[in-house]
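Descriptive structure summary
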Amino acid sequence: MNLIEALNWRYATKRMTGEKIVESDLDVILETIRLTPTAYGLQPFKVVVTQKKELLDEVFEKSCPQIVIKQCSHLLIFKARKKLDSEYLEGYLKEMKRLRNSTDEYIDGYRSKILKVIDDPRINKFSWTIRQTYIALGYATVAAATLGIDSTPIEGFDAQALNRALKLDTDREEAVVMLTLGYRDGKEDKLANLPKIRKPMDLLVERI
Ligand SMILES: Cc1cc2nc3c(=O)[nH]c(=O)nc-3n(C[C@H](O)[C@H](O)[C@H](O)COP(=O)(O)O)c2cc1C
């Protein structure tokens, strides 16, 4: 499948078979998330990966009663950072210096640029980190499709209940979106063979 074929093939899968995806495919999806571009490269999120039945059952019962949670092979839970403190920022700049051997002058300039965002009271930091997180969600969805793996992006859940189930320190981070991975149950899923609903190109794209 080329990219467009894969994107036409994929759909937000409502029923899965429970069949497991192979570890090497999971690794490709996670590496895709790792390579996702983010503003300033800060990657202000983490991804919890689980295939543990007890946790999937708990997520289903307490936070997200969508049956695909119990039928997936793996569940990815994307957590966005609530704050970007100086410890986090300095850790990133240290890596930049180590990997690129950047000059102190360059690092200082880069720090100032980032601080303009971090210190800007008009910018809601959590909303900003959530936006970065959704880029990774999109990349993961595309990666899965190119591997012939089904997925469901899921926003419809009780975030507070999920934060509690994962024992998150909500001053630092929160679960914001999930992605199931697995294989469609084509017989049970009414959506499996329906045509896509998408705007025609001329209503979506303005060429100027
Ligand atoms: C951020 C996001 C959140 C979504 N949340 C849910 C959800 O909670 N449950 C669900 O069944 N589908 C969910 N969807 C799937 C969308 O409804 C679906 O992608 C959209 O209708 C387009 O259809 P398609 O992906 O099948 O082509 C979500 C999709 C996105 C991108």
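For the structure, see preceding data.
Scope of this entry: the structure provided in the associated data block. Computed from a predicted structure; not experimentally measured.

**Considering the pattern of salt bridges**
All told, the structure shown has 12 salt bridges when counted by the stated rule. The salt bridge involving glutamate 58 is made with lysine 62; its shortest N-O contact spans 3.1 Å. Highlighted residues: glutamate 58 and lysine 62, both in helix α3 (residues 53–62), separated by 4 residues, approximately one helical turn. A relative accessible area of 25% places glutamate 58 in the partly exposed class. Put simply, glutamate 174 and lysine 82 hold a salt bridge, and the shortest N to O gap is 2.6 Å. Remark: lysine 82 occurs in the loop between β2 (74–81) and α5 (86–100) and glutamate 174 occurs in strand β4 (residues 173–182); sequence separation between them is 92 residues. Several salt bridges converge on common partners, so that one network encompasses Lys53, Asp57 and Lys70.

**As for α5**
Counted at 1.5 Å a residue, the expected span for α5 with its 15 residues is 21 Å, and the 21 Å between its end C-alpha atoms agrees. Within the sequence span of α5, burial applies to Leu89, Leu93 and Met96. For α5, the buried positions fall inside an angular range of 50° around the axis, keeping them on one side. In α5, the exposed residues that point more than 90 degrees away from the buried face are Glu87, Lys94, Arg98 and Leu99. Buried-residue contacts for α5 involve α6 (104–118).

**A closer look at the layout of surface pockets**
What the largest pocket holds in volume is close to 390 Å³. Lining the largest pocket are 14 residues, and of these Gly41, Gln43, Tyr92, Glu95 and Leu99 lie nearest its centre. Secondary structure elements with two or more residues in the lining of the largest pocket: α2 (23–35) and α5. Here the lining of the largest pocket takes 7 residues from α5, the largest share from any one element. Of the residues contributing to the lining of the largest pocket, the split by class is 6 nonpolar, 5 polar and 3 charged.

**What about the environment of aspartate 185?**
Note on placement: aspartate 185 falls in the loop between β4 and α9 (201–204). Sequence separation of aspartate 185 and arginine 207 is 22 residues, and the distance between their C-alpha atoms is 40 Å.

**Overview of the packing of aromatic side chains**
Under the criterion given, the structure shown has 3 aromatic pairs. Judged by centre distance (6.1 Å) and plane angle (90°), the rings of tyrosine 40 and tyrosine 110 are edge-to-face. With tyrosine 40 in the loop between α2 and β1 (45–50) and tyrosine 110 in helix α6, this pair connects stretches of sequence that are 70 residues apart. Measuring from centroid to centroid gives 6.5 Å for tyrosine 92 and tyrosine 110, while their planes differ by 35°, and the two rings are tilted. One end of the pair, tyrosine 92, is in helix α5; the other, tyrosine 110, is in helix α6, with 18 residues separating them in the sequence. Here tyrosine 92 falls in the partly exposed class, since its relative accessible area comes to 22%. We classify tyrosine 110 as buried; its relative accessible area is 14%. Here the aromatic residues Tyr40, Tyr92, Tyr106 and Tyr110 are joined through ring pairs into a cluster of three or more. Between arginine 81 and the ring centre of tyrosine 88, over which it is positioned, the NZ or CZ distance is 4.0 Å.

Conventions and cut-offs
Residues numbered from 1 in each chain as written. Predicted model: local features only at pLDDT ≥ 70, side-chain atom pairs only at ≥ 80, totals over all residues. Heavy atoms only, no water. Salt bridge = Lys/Arg side-chain N within 4 Å of Asp/Glu carboxyl O. Helix = DSSP H or I, 4+ residues; strand = E, 2+ residues; numbered from the N terminus. Buried < 20%, exposed > 50% of the residue type's maximum accessible area, 1.4 Å probe, protein only. Expected span 1.5 Å × (residues − 1). Arc of directions from axis to C-beta. Contact = heavy atoms within 4.5 Å. 1 Å grid on protein atoms, 1.4 Å probe; cavity = no way out; pocket = protein on both sides within 12 Å on 5 of 7 lines; lining within 4 Å. Points joined across faces, edges and corners; volume = space filled by probe spheres on them. Nonpolar A, V, L, I, M, F, W, Y, C, P; charged D, E, K, R; others polar. Phe/Tyr/Trp six-rings, centres within 6.5 Å; stacked < 30°, edge-to-face > 60°. Lys NZ or Arg CZ within 6 Å of the ring centre and 35° of its normal.

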